Amino acid sequence: MTLEQVSTTAPLLDVRGLDVFFHGSNGPIQAVRGLDLTLQRGETLALVGESGCGKSTTALALLRLLAPGTALRGSIRFDGRDILSLSPAALREVRGREIAMIFQEPMTSLNPVHTIGAQIEETLRRHEKLSPAAARKRAIELLDLVRIPEPHQRIDDHPHNLSGGQRQRVMIAMAVACRPRLLVADEPTTALDVTIQAQILELLDGLRRELDMALLLITHDLGLVAQWADRVAVMYGGEKVEEAPTSRLFATPSHPYTKGLLGASLHAGSSLHHADARLPEIQTRLDPVTGVRDFTLHVPQPASKVRALPVRAAGGEPLLSVQELRTDYPRRGGGVLHAVDGVSFDIRAGETVGLVGESGCGKSTLSRTLLRLVNPAGGRIVFDGTDIAGLSEKALKPWRRRVQMVFQDPYASLNPRRSVFDILESVLKVHGVSDRAERHSRIAAILERVGLPADAARRFPNEFSGGQRQRIGIARALVLRPSLVVLDEPVSALDVSVQAQILNLLVELKEDFGLSYLFISHDLSVVRYIADRVMLMSQGKIVETGSHRDIWDRPQHPYTRSLIAAVPGAEQRKAA
């Protein structure tokens, strides 16, 4: 069904003037302001925006799933009925049967003590009044529909027995069990690898067509939007700032914030590399008199290069040389898992090497082995001429300050009970910086350099945004003045605009301090921007290595080609 065809019919979903108020300690907090949305049968509408913009609140409001005490104003009409006026009993009939929802995190949405079959069957027995035998048969058919292998056997598995992608498929099976007319998918692929992400979106699009179902896709991933959505609505600060057909919005965005999002995004059409230019950053300013917010797009200029560490010539000895490294884990029931299986690579001083691979390929185990948080089963880790693979903990300590790590989740890796100053000072104390004045000086200098406010040192992690917490994590790694920094998915949990800021910061810090990076990610677009060389890892092995251009333009290994093919395209998909 084309946009021209659906636009002539009455909308399936018609939201008018929606306001959502939460109860706050100092009075009501407005999360959504005057939102208008329409969605036609068989259409995919993407609702786009960054954390806190009101996307998920809007999704929950459609099914009246918000917390007690939340106030809703306006109109939500589904197929002519006002959702806000339905009785609890009537609303229960709508939920699941006519409007269904896929939540962002399937592990927290699925009940861990019940089998996946029992959870799907519950929906069927509630709405379809099926017998236990009929519900089980239909549940198996649904698992097969969403391409769960061996559904007759997997139906009796518990959620923890499944991979992340399989759990998301189970959530989809539950959502489409009663053939709903509207499916709300709230960030359905955020935590998934690129190939699984492509499979999930293909599955949702196929179900949309097969069931003539409307799909509300909530995401911050503009690559997905470009490939799968018919129309796009962009939200900021609880308001819709722009809405347009997908092709037009990407070609000629009208609102400054939309322009900023597209400019800062590393969606698949971007071939930008940090050596060519920095990523654009969105800057906002609120006029204190009029209350109007102004958006501008700022492109940082490369800073002057002040090398704090000597950089070897390209033909010299590498800073890090990994040779036939192996890390083994015992398997349950006997045997050995070769998590890292004969890996060899070099990192030169001043170089960024990207490590790409899907969940379970061995990326994180490799990083922990390099830092000797996990002991290798064999091979060599030659750092600045010394093999640190077999060093004792005492002999290893002087080397630890020279290799530091930035973790994926900055909040989980920061002690919430300690101030930022205490977090950074403890690192310096552990590594022998005994002079108090020097510690204070180094902490103040690194906080300023990573762009944190002057009062950041005395505040606690919970007082910062996600991007600021990642800056604290970077400051903690750099306060020791290392030579090599291992970055494990450092921007995967960040919004588009914040991701651009952190990537620009990492490039600047690399230049200022003469750093080398091992940048680990499952996001090929991010690695394409940040890395000088790229390694592809699969099943514990490095299957391909090349420059960032060669990997994208001339991939050699089938695994590399499959990953690149699965990255969301920058052009709107063709209608079937």
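In this text, all values refer to a predicted model and were calculated from it rather than measured experimentally. (Residues numbered from 1 in each chain as written. Predicted model: local features only at pLDDT ≥ 70, side-chain atom pairs only at ≥ 80, totals over all residues. Heavy atoms only, no water.)

## What to know about the confidence of the model for the protein
Any residue range with low pLDDT should be treated as having predicted coordinates unsuitable for detailed reading.
Here comes step 1: The share of residues in the protein with pLDDT of 70 or more is 94%, and the mean pLDDT across the chain is 88.
Here comes step 2: pLDDT under 50 marks residues 305–315. Its contacts with residues more than four places away, or in other chains, come to 21 contacts.
Here comes step 3: Segment residues 570–576: pLDDT under 50, and 21 contacts once partners within four positions in sequence are set aside and those in other chains are kept. (pLDDT = per-residue confidence, 0-100. Contact = heavy atoms within 4.5 Å.)

## What to know about the nonpolar core
Here comes step 1: Of all hydrophobic cores here, the largest spans 77 residues; its most connected members are L261, L447, I474, L503, L509, F519 and L524.
Here comes step 2: With nine residues, helix 18 (residues 496–513) is the largest single contributor of residues to this core.
Here comes step 3: Structurally, this core is a two-domain feature, drawing no fewer than three residues from each of domain 1 (13–264) and domain 2 (323–573).
Here comes step 4: If we skip the residues at most four places from it in the chain, L261 touches V48, E50, L222, V234, I282 and V496.
Here comes step 5: Of all hydrophobic cores here, the second largest spans 37 residues; its members include I120, A175, M213 and L215. (Core = buried A, V, L, I, M, F, W, Y, C linked by side-chain atoms within 4.5 Å. Buried < 20%, exposed > 50% of the residue type's maximum accessible area, 1.4 Å probe, protein only. Helix = DSSP H or I, 4+ residues; strand = E, 2+ residues; numbered from the N terminus. Domains from an automatic or database assignment.)

## Some details on the packing of aromatic side chains
Here comes step 1: Using the criterion set out here, one finds four aromatic pairs in the structure.
Here comes step 2: Ring centres of Y236 and F295 lie 4.9 Å apart, and the angle between their planes is 85 degrees; this geometry places the pair in the edge-to-face category. Here F295 lies in strand 12 (residues 293–298) and Y236 lies in strand 9 (residues 231–236), a separation of 59 residues in the sequence.
Here comes step 3: Judged by relative accessible area, which is 23%, Y236 ranks as partly exposed. (Phe/Tyr/Trp six-rings, centres within 6.5 Å; stacked < 30°, edge-to-face > 60°.)

## Observations concerning the packing of helix 17 (residues 466–478) against helix 18
Here comes step 1: Packing of helix 17 against helix 18 brings their axes to within 10 Å, and their N-to-C directions diverge by 20 degrees. It follows that helix 17 is roughly parallel to helix 18 by the angle criterion. Every pair of crossing elements has a handedness; the one defined by helix 17 and helix 18 is right-handed. Contacts between helix 17 and helix 18 involve G467, Q470, R471, I474 and L478 from the former and V498, Q501, I502, L505, L506 and L509 from the latter. (Axes fitted to C-alpha atoms, helices over the stretch in contact; angles between N-to-C directions. Parallel < 35°, antiparallel > 145°, perpendicular 65-115°, else oblique. Left-handed = near helix turned anticlockwise from the far one by under 90°.)

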